[in-house]
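If you want the building blocks of each chain, they are given just below.
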Number of protein chains: 8
Amino acid sequence: MNLPPLRDLLEQVSHGTLETAEAERRLMDYLRALPFEDLGFARVDHHRALRQGFPEVILGTGKTPAQVAAIAASIVDRGHSLLVTRTDKLAFAAVKAEVPHATFHDDARAITLQQKDISSGNGIVLVAAAGTSDRPVAEEAVVTAELMGNQVERLYDVGVAGLHRLLSAHDRLTAARVIVVVAGMEGALPSVIGGLVNVPIIAVPTSVGYGASFGGIAALLGMLNSCASGVSVVNIDNGFGAATIASLINHL
Amino acid sequence: MNLPPLRDLLEQVSHGTLETAEAERRLMDYLRALPFEDLGFARVDHHRALRQGFPEVILGTGKTPAQVAAIAASIVDRGHSLLVTRTDKLAFAAVKAEVPHATFHDDARAITLQQKDISSGNGIVLVAAAGTSDRPVAEEAVVTAELMGNQVERLYDVGVAGLHRLLSAHDRLTAARVIVVVAGMEGALPSVIGGLVNVPIIAVPTSVGYGASFGGIAALLGMLNSCASGVSVVNIDNGFGAATIASLINHL
Amino acid sequence: MNLPPLRDLLEQVSHGTLETAEAERRLMDYLRALPFEDLGFARVDHHRALRQGFPEVILGTGKTPAQVAAIAASIVDRGHSLLVTRTDKLAFAAVKAEVPHATFHDDARAITLQQKDISSGNGIVLVAAAGTSDRPVAEEAVVTAELMGNQVERLYDVGVAGLHRLLSAHDRLTAARVIVVVAGMEGALPSVIGGLVNVPIIAVPTSVGYGASFGGIAALLGMLNSCASGVSVVNIDNGFGAATIASLINHL
Amino acid sequence: MNLPPLRDLLEQVSHGTLETAEAERRLMDYLRALPFEDLGFARVDHHRALRQGFPEVILGTGKTPAQVAAIAASIVDRGHSLLVTRTDKLAFAAVKAEVPHATFHDDARAITLQQKDISSGNGIVLVAAAGTSDRPVAEEAVVTAELMGNQVERLYDVGVAGLHRLLSAHDRLTAARVIVVVAGMEGALPSVIGGLVNVPIIAVPTSVGYGASFGGIAALLGMLNSCASGVSVVNIDNGFGAATIASLINHL
Amino acid sequence: MNLPPLRDLLEQVSHGTLETAEAERRLMDYLRALPFEDLGFARVDHHRALRQGFPEVILGTGKTPAQVAAIAASIVDRGHSLLVTRTDKLAFAAVKAEVPHATFHDDARAITLQQKDISSGNGIVLVAAAGTSDRPVAEEAVVTAELMGNQVERLYDVGVAGLHRLLSAHDRLTAARVIVVVAGMEGALPSVIGGLVNVPIIAVPTSVGYGASFGGIAALLGMLNSCASGVSVVNIDNGFGAATIASLINHL
Amino acid sequence: MNLPPLRDLLEQVSHGTLETAEAERRLMDYLRALPFEDLGFARVDHHRALRQGFPEVILGTGKTPAQVAAIAASIVDRGHSLLVTRTDKLAFAAVKAEVPHATFHDDARAITLQQKDISSGNGIVLVAAAGTSDRPVAEEAVVTAELMGNQVERLYDVGVAGLHRLLSAHDRLTAARVIVVVAGMEGALPSVIGGLVNVPIIAVPTSVGYGASFGGIAALLGMLNSCASGVSVVNIDNGFGAATIASLINHL
Amino acid sequence: MNLPPLRDLLEQVSHGTLETAEAERRLMDYLRALPFEDLGFARVDHHRALRQGFPEVILGTGKTPAQVAAIAASIVDRGHSLLVTRTDKLAFAAVKAEVPHATFHDDARAITLQQKDISSGNGIVLVAAAGTSDRPVAEEAVVTAELMGNQVERLYDVGVAGLHRLLSAHDRLTAARVIVVVAGMEGALPSVIGGLVNVPIIAVPTSVGYGASFGGIAALLGMLNSCASGVSVVNIDNGFGAATIASLINHL
Amino acid sequence: MNLPPLRDLLEQVSHGTLETAEAERRLMDYLRALPFEDLGFARVDHHRALRQGFPEVILGTGKTPAQVAAIAASIVDRGHSLLVTRTDKLAFAAVKAEVPHATFHDDARAITLQQKDISSGNGIVLVAAAGTSDRPVAEEAVVTAELMGNQVERLYDVGVAGLHRLLSAHDRLTAARVIVVVAGMEGALPSVIGGLVNVPIIAVPTSVGYGASFGGIAALLGMLNSCASGVSVVNIDNGFGAATIASLINHL
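Residues numbered from 1 in each chain as written. Chains lettered and ligands numbered in written order. Predicted model: local features only at pLDDT ≥ 70, side-chain atom pairs only at ≥ 80, totals over all residues. Heavy atoms only, no water.

1. Considering the overall build of chain A
Within chain A, the secondary structure is distributed over 11 helices and 9 strands. Across chain A, every contact between residues at least 6 apart in sequence was considered, and the portion connecting residues at least 24 apart equals 66%. (Helix = DSSP H or I, 4+ residues; strand = E, 2+ residues; numbered from the N terminus. Contact = heavy atoms within 4.5 Å.)

Structure below.
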């Protein structure tokens, strides 16, 4: 840690150019104004980007295209990679004007621009999805994990009612370092995959289904009650969150 | 249909030994007093036993041992087979005094006595259970289905997190005519079995689990949202009900 | 089962044109790549159609008309019968261009084309519905069951608050081999029908109602708690699922 | 309305024996201390007993036998009829010491003593119950309604899965002026009875059932969604409340 | 009860013009075809209108204007009064073409036409509402109760947070024979009114509110748990149902 | 309390110009017509405005622009300050025509006009918000509290996942007399702030979030279970209600 | 703030007895080890007691009598007042051995010992309760508020179904500076009191009730949806929390 | 993979000692009987222990002491480490007789015996807990993680309402490779820790709390809605599951 002002102050005290009473007052002011995390790392946001391997992410929901574009420009200007989630083509048009090299991912409803601030993960992040309707959430996870520096593989349409498709992918499952499993309806896929492999599984319930699926609650409860070990769960439709955790694990 | 009193009455009218006004009055009384189903079948309870292949069943919950024993004796005296569900050893002692040949099934918490009023089913009723904790509910299904005249097989401890055990029983699954699938926690087993076979599956969620299993709600929702076809669901822990449906199907 | 490549391989070994080591390696590759169900039946999809009496079904929800039409064409081309559920007239127009003989069922929101791949069921599948608002779900069941080769009868508008209509249909109820019962609001119809007949009843709660019907939860709970035996339940509004189960039973 | 003190006061003012300022002060005090209902009726509690046809009722839950006995004695001493609900034999022993003629109703878990303060209702209050397990709640309704001066009839064990028993009681149903219908599980009985008669039906869901009955919620929802007109609902297991409403209606 | 065909048949038997065997067969056919309620009343629908004081009601939800108009015309043609609930101006235009004298009630979202088939109730039905947002549901109750032959009074905007408005209407409350109380949010109004009067109260929770009102659940639960006696509850927003019950009571 | 008419009446009685019988009748009329709160305060509405520091507030939801404008004009005409919540620009246009000086607050979705009827609070009301999406609810609180005469400060974007921003505002937190804390998602901010300060905290859950946030239920439950003391909770999104309570406390 | 070590350090630097590099290292260590709140106040716990007017409180639930007694002794030894909530007589016996002057409050299930560390509040804290069953929660609030230095008054048994009792206490309600309102069942009391007064109301739902009260959820929802302003809510049965907030407000 | 029988078979075919038709039949039998996972790993259970780093775990709930002891002995005999969760002293006595060196962990309600089959993890697993009541669940996680070969540290009593305790442990938080965070009530601790560090966080909601904590649902929802990245969630009270996931990550 390098805190020049503090050393300056101490040296002024040492040289007699600053009185101890005034020095104490200044130190107290400094401490009062100091955000806690600054005690450990010089500038918080920059430090987070360095340590997390990824800067702040823009949640598109509830923001105007102009707002998304402005924040996006600010992030990219600092040399950071850009990720906008839950966005649309309108917002992308606005971002494009500010960040010409940004890419829009239709399925994932995401905007990205990868810059040189991302470190590479150690293994493969596999994103498995039960049905075709789970694809948007799975794609959000794929786009997020890729942008965060991970080698990502897709394994889609492997619902538990057609086991042979899943079982024939056994090699791909065991080759992954961490698996994001996306499923709606009864949410059984993480349990079945959890019984086949021994890597951490991040389960993402989706709001796919109708009636007693209750917008993803059935899948969420199924995953929380998984009889397989190694399964932890994120919020309904939270492909981004799952990929972030997978990336954290893959960068360990 | 054979309704002697009605023919008698009509013949008395025909023979002039009964006036039409009096005959009409008696007919009206008969109709008013008549339980509806009696219009089609002579004595309802007897008829139900004949058609359903099984007489009235005693739910042990909330009944004293003496009450259970009294009803049991009444059923057995009529030559009907006996089934008491959700009962215990105390009630069995009381039943034993009245029905010496009755049997107590510890795991299933049931009392039975099979008599000659039961017709045989056509195929095998397979009762599959995910975990050891699901066994009491599964056993209730087994005991019920056997008493109702079905050939029953058990397939226990085949939870989806250990797929190989389930897959190695593929022949037994496909050999069944109807399958009762008992599972708690995430309730995924019916979906997986439903993808392997093409016979009707009666899914029984159990209250096994803790926390977000909510006493079986997670399993119930999982089963209602099954992505496999052929899966219908009964109430939580209702092994008896599932076996009754399976027996109905197996007797078709 | 007929596995020519396997026999070929064995004969090559027998004829000495293939070494055992190489033969073992090829067998292992074959086993690894083999989807599980292929171990028992040559080509899975074809086999499923043969055994289930019905090929894959297209869920219209969330698919574009073009996607629906493409999948429909692919299914029909293989000689399979076509069923698209939860679809609309726009999708039908697209399907029509590819599959000119397809039919649109307005009430059932379904597209069908029956081909020669369907075996006939053994008895009558009766579809009973409580109110006029339950009709779309009931029609989905009717269309599905008919396409799957069953003789289907409708018994609509027999809500429990007007018992006489239901009771006057007693003969039709007892003539059925399996009954699909569709009801919203309090969902009491399966219990009443279950007390009148002794065939399997597949209960379908509908999202009909308002306020404390909670989108079908009241009906679902009512059916799960049915005091009549023989009643199993599928998801809210799942007329297709109920008909599939009824067809399975009717083909036993 | 007859308020002597007010007239006295006014006459004293008129006669000059009371100054207007002092009279105003006394009036204001009177108004401030006055409970609102006293403006219309001299003594509230007495008036309530007269108009409701019944005095305060003791809820046994959470009260010690001594407390129950003390309140019971106080009520009986004023010449009022006594009703203690949700009580037990221990409390009855304590009450018996104070109120020797009190009666304990085992099934209804109630203590009663009828005195001469009760007016008679106009017709029959019928209490119908679906199953034997609903009996305690039904008995609470019966005991309450009888004590409140109503002619009460019981119609038990008429669950909807055995319609003939209910239909054979058609005359008794139509003879009632108001019907209390007690049912657990799917709570369908009020709908069926509501379709047979045209008198007000007070539906009481019971906590009878297991699993997805959720302690009476399934029955409660079923009743709130009744497709029959004329059905209103009280809280789960609230036989007392239903009888109170039935008595109010029967005394109109 | 007057069943001429039955007497004819019996007299033919008596006169020897009909054989007993044929007579028995005809009787059986008659019984089988007979709707249950016909045993007690000649023609069910006509009888219901006579006894209930009101014929079938049309629920507008989910019906096209043409359907509503057709059913309305059919009802009015038979001389019955017309009530369409949960409808709109489009449907009214269609009805108007068939039933020129029909009236549209904007607030109540109802169409009515009163004919001479309605008997008058005995007292006043008071409809009380807590807030201005509860007005549509209250108006549905008012329009329904008036059409059913009741003298109806409105008491609106008497929420419990402004007690003086409610208390100043004490005379109107006590003058009613039955009170429909409509309230959203916390649903406390029935409890307060129930403590002031001694007539039956039909409580109608409304979906008015936001957040933790959960579309009327908070009000519904509040009413089911009312600490006042005499309060029974109908479904959320069910002004029609409450008025029907109130009318039943008011016609006793 | 000053009730001139009462003294007039008494003096007329004293002077013999009014007979005691007539005086008694008039007094009774007065009492009957009297709203309860009038016993303590001359004119209720005026008194409420004086004591609460704020007159009636208009909830915009469900009111037409014309209705909002009419009520607004009536309030402003009496010299009262105006607050319309949950409104929009259309309603503002209508209000503007009647109340030219009214202001529209876009973020807060509120219309205000401050007049001279508002007393000043004693300290600072701080409105803290966790995320940018919570801003509309927070702004409703700010606008409400300011209009009610409070000095208000904003502290936005201080979610618990970035503690340093919150901690660096420690001085502003401790300087407040009461804090409104607005948060969605997990609703943890009130707990953290409650551990840093010792002033009353009014927690407002927002419907911000998705999936298992269930429209604000997660945040609501989090706040009700706060491990910090001093935290009470209002309904989801109820920024207005929280500000009203904060203002009450700040005016003590 | 008085931080002697810091000044010592600075003076050593000033006097040249400590090098700036070493001083910087020590400062950094100090900052790293420093709990945040220590930056503003010397010793956190002592400071909290001074500012909150109350030290740490012992929650009796889940602690052994010995554990409760040990913590109690430690608190009392430091001269702090003692409050143990949700405790029982067994724990009190253990506490009594360590803290002989402690008092046990039977209704409130609390142990207290007031010492001289408590400042007095400014006005009256009124604790109102709807029914006799709400008394334990109300008493917890009373005992807590009294120990925290407030003048507390009780107003019990003022449920909304007997309005006159509440209205006759109007003077006591308006005399309070803050009101804690405790109610179960429908939880309507805060709304009614909120309409009568203009002071902050802390509403405490209780788990009193049965059936659809769902352990206090009905009351909780009722209070969150209160139509009266000035009402905020705490957790079910949380009399302690409500009193803490009331005391905070009363000490402002 | 080494499948001697397959090579034998092939060599017999090659040598002409086995006909191809018979060889094909045998192969087919072999394939049908083969559990899937056996295709990839010789003996499944052994393989699981090797790859997972931990053998089967005994869930004590619902097992008799004798059953627990028998399974424990069987596991230990194979040289595997022993873990029994959710057990008690009675079961431990039984286990002790079979496995003399087993240890009972009182707080964690667990029995363990570490053998040499466990590999060491790479970093520190930190188990943080919010309150003293969360300790049993946290201890279950600690005992589990230690037995699975991880270096474990405890950080207890760091609830968010006393931030300084958490902040002062900043170094310990950042030193961990994976953090298990255990919290009840509002479940906010994972969000706060998630904002301070950048390692995977496994959040465990506990059933600690009362009223609206709903047995851990409030904490569960709070954690699923965490605004911090890196947080995934397991079932309520599932300390074992969280530790298993943490160990998986720590062994990567």
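2. Some words on the sheet that holds strand β1 (residues 58–59) of chain G
Residue and element names in this part refer to chain G. The strand order across the open sheet built from 4 strands is β1-β2-β4-β3, with neighbouring strands paired in mixed fashion. Looking at strand neighbours, the two that pair on one side only are β1 and β3 (103–105), the edges of this open sheet. Looking at chain direction, β1 and strand β2 (residues 82–85) are connected through 2 bridges and run parallel. What sits directly across from Leu59, in β2, is Thr85. (Pairing = 2+ DSSP bridges.)

3. So, helix α6 (residues 135–147) of chain A
Residues and elements named next belong to chain A. The terminal C-alpha atoms of α6 lie 18 Å apart, and with 13 residues this matches the ideal 18 Å at 1.5 Å per residue to within 8%. Most of α6 is tucked away: 10 of the 13 residues are buried. Buried residues of α6: Val137, Ala138, Glu139, Glu140, Ala141, Val142, Val143, Thr144, Ala145 and Leu147, and no others. In the segment just after α6, Gly149 is the residue with positive phi, at about 95°. (Expected span 1.5 Å × (residues − 1). Buried < 20%, exposed > 50% of the residue type's maximum accessible area, 1.4 Å probe, protein only.)

4. Structural notes on the packing of α6(A) against helix α11 (residues 239–250) of chain A
Residues and elements named next belong to chain A. Close contact between α6 and α11 brings their axes to 7 Å; oriented N to C, the two are set at 40°. Relative to α11, α6 is oriented so that their crossing is right-handed. Together, Val137, Glu140, Ala141, Thr144 and Ala145 of α6 and Gly239, Phe240, Ala243 and Thr244 of α11 make up the contact between the two elements. Of the residues that constitute the contact of α6 with α11, the class distribution is 5 nonpolar, 3 polar and 1 charged. (Axes fitted to C-alpha atoms, helices over the stretch in contact; angles between N-to-C directions. Left-handed = near helix turned anticlockwise from the far one by under 90°. Nonpolar A, V, L, I, M, F, W, Y, C, P; charged D, E, K, R; others polar.)

5. Description of the relation of the copies chain B and chain C
For the pair chain B and chain C, the best superposition has an RMSD of 0.2 Å and corresponds to a rotation of 180° with a translation of 0.2 Å parallel to the axis. Seen this way, the second copy is the image of the first under a two-fold rotation axis. Taking the C-alpha atom as reference, chain B places B:Val233 closest to the rotation axis, 2.4 Å from it. A symmetric contact is evident, with 100% of the interface residues of chain B recurring at the interface of chain C. (Least-squares fit on C-alpha atoms with pLDDT ≥ 70 in both.)

6. Examining the relation of the copies chain E and chain G
Taken together, a rotation about one axis and a shift along it account for how the two chain copies relate. Superposing chain E onto chain G requires a rotation of 180° together with a translation of 0.0 Å along the rotation axis, leaving an RMSD of 0.2 Å. Looking at the interface residues of chain E, 100% of them are also at the interface in chain G, so both copies use one shared face.

7. Comments concerning the packing of aromatic side chains
In this structure the tally under the stated criterion is 8 aromatic pairs over all chains. The side chain of E:Arg86 reaches across the aromatic face of C:Tyr210, ending 4.0 Å from its centre. (Phe/Tyr/Trp six-rings, centres within 6.5 Å; stacked < 30°, edge-to-face > 60°. Lys NZ or Arg CZ within 6 Å of the ring centre and 35° of its normal.)

8. Focus on the interface of chain E and chain G
Listed per partner, the contact involves 23 residues of chain E and 23 residues of chain G. Roughly 1900 Å² of surface becomes buried between chain E and chain G when both sides are summed, with 72% attributable to carbon and sulfur atoms. At the junction of chain E and chain G, the tally comes to 0 salt bridges. Joining chain E to chain G, the criterion identifies 8 residue pairs in polar contact (both at pLDDT 80 or more). A breakdown of the residues in the side of chain E that touches chain G according to their chemical character gives 16 nonpolar, 6 polar and 1 charged. (Buried area = accessible area lost by both parts, 1.4 Å probe. Salt bridge = Lys/Arg side-chain N within 4 Å of Asp/Glu carboxyl O. Polar contact = N/O pair within 3.5 Å; in protein donor to acceptor, adjacent residues only side chain to side chain.)

9. Regarding the pairing of strand β4 (residues 110–113) of chain H
Residue and element names in this part refer to chain H. Both faces of β4 are covered, namely the face carrying Ala110 and Thr112 and the face carrying Ile111 and Leu113. Two strands pair when backbone bridges link them, and strand β2 (residues 82–85) and β4 are joined in this way by 3 bridges, in the antiparallel orientation. Paired with Leu82 across the bridge in β4 is Leu113. Where strand β3 (residues 103–105) lies against β4, 3 bridges are found, and the strand directions are antiparallel. Opposite Phe104, over in β4, you have Ile111 as the bridge partner.

10. Comments concerning the pairing of strand β5 (residues 124–129) of chain D
The two faces of a sheet get side chains in turn, since along a regular strand they alternate between them. All names here are of chain D. Burial of β5 is extensive: 6 of the 6 residues sit out of reach of the surface. Residues of β5 alternate between two faces, with Ile124, Leu126 and Ala128 on one and Val125, Val127 and Ala129 on the opposite face, all of them buried. Here β5 pairs with strand β6 (residues 151–155) via 5 bridges, running parallel. By the bridge assignment, Val127 is partnered in β6 with Arg154.

11. Regarding the sheet that holds strand β1 (residues 58–59) of chain D
In sheet architecture, strand pairing relies on hydrogen bonds along the backbone and comes in two forms, parallel and antiparallel. Residue and element names in this part refer to chain D. Strand order in this open sheet of 4 strands is β1-β2-β4-β3, and the pairing throughout is mixed. Only two strands of the sheet have a single partner each, and these edge strands are β1 and β3 (103–105). Taken strand by strand, helix α6 (residues 135–147) contacts β2 (82–85), β3 and β4 (110–113), and its axis lies near 165° from that of β2.

12. Digging into the confidence of the model for chain A
All names here are of chain A. Of the residues in chain A, 85% reach a pLDDT of 70 or more, and the chain-wide mean stands at 83. When the criterion is pLDDT under 50, residues 32–52 qualifies, and its contacts beyond four places in sequence or with other chains add up to 35 contacts. Predicted as a complex, the structure gets a pTM of 0.84 and an ipTM equal to 0.79. (pLDDT = per-residue confidence, 0-100.)

13. Observations concerning the interface of chain B and chain C
Each side of the interface is counted separately: chain B has 31 residues, and chain C has 31 residues. Both faces considered, chain B and chain C share a buried interface measuring about 3000 Å² in area, 61% of it formed by carbon and sulfur atoms. Run the count over chain B and chain C and you get 4 residue pairs in polar contact (both at pLDDT 80 or more). Of all the secondary structure elements, the ones that give two or more residues to the side of chain B that touches chain C are α3 (44–52), α8 (170–175), α9 (189–196), α10 (217–224), β9 (231–233) and α11 (239–250) of chain B. Broken down by element, the side of chain B that touches chain C gets its largest block of residues, 4 residues, from α11(B). For the side of chain B that touches chain C, the class distribution of residues is 16 nonpolar, 11 polar and 4 charged.

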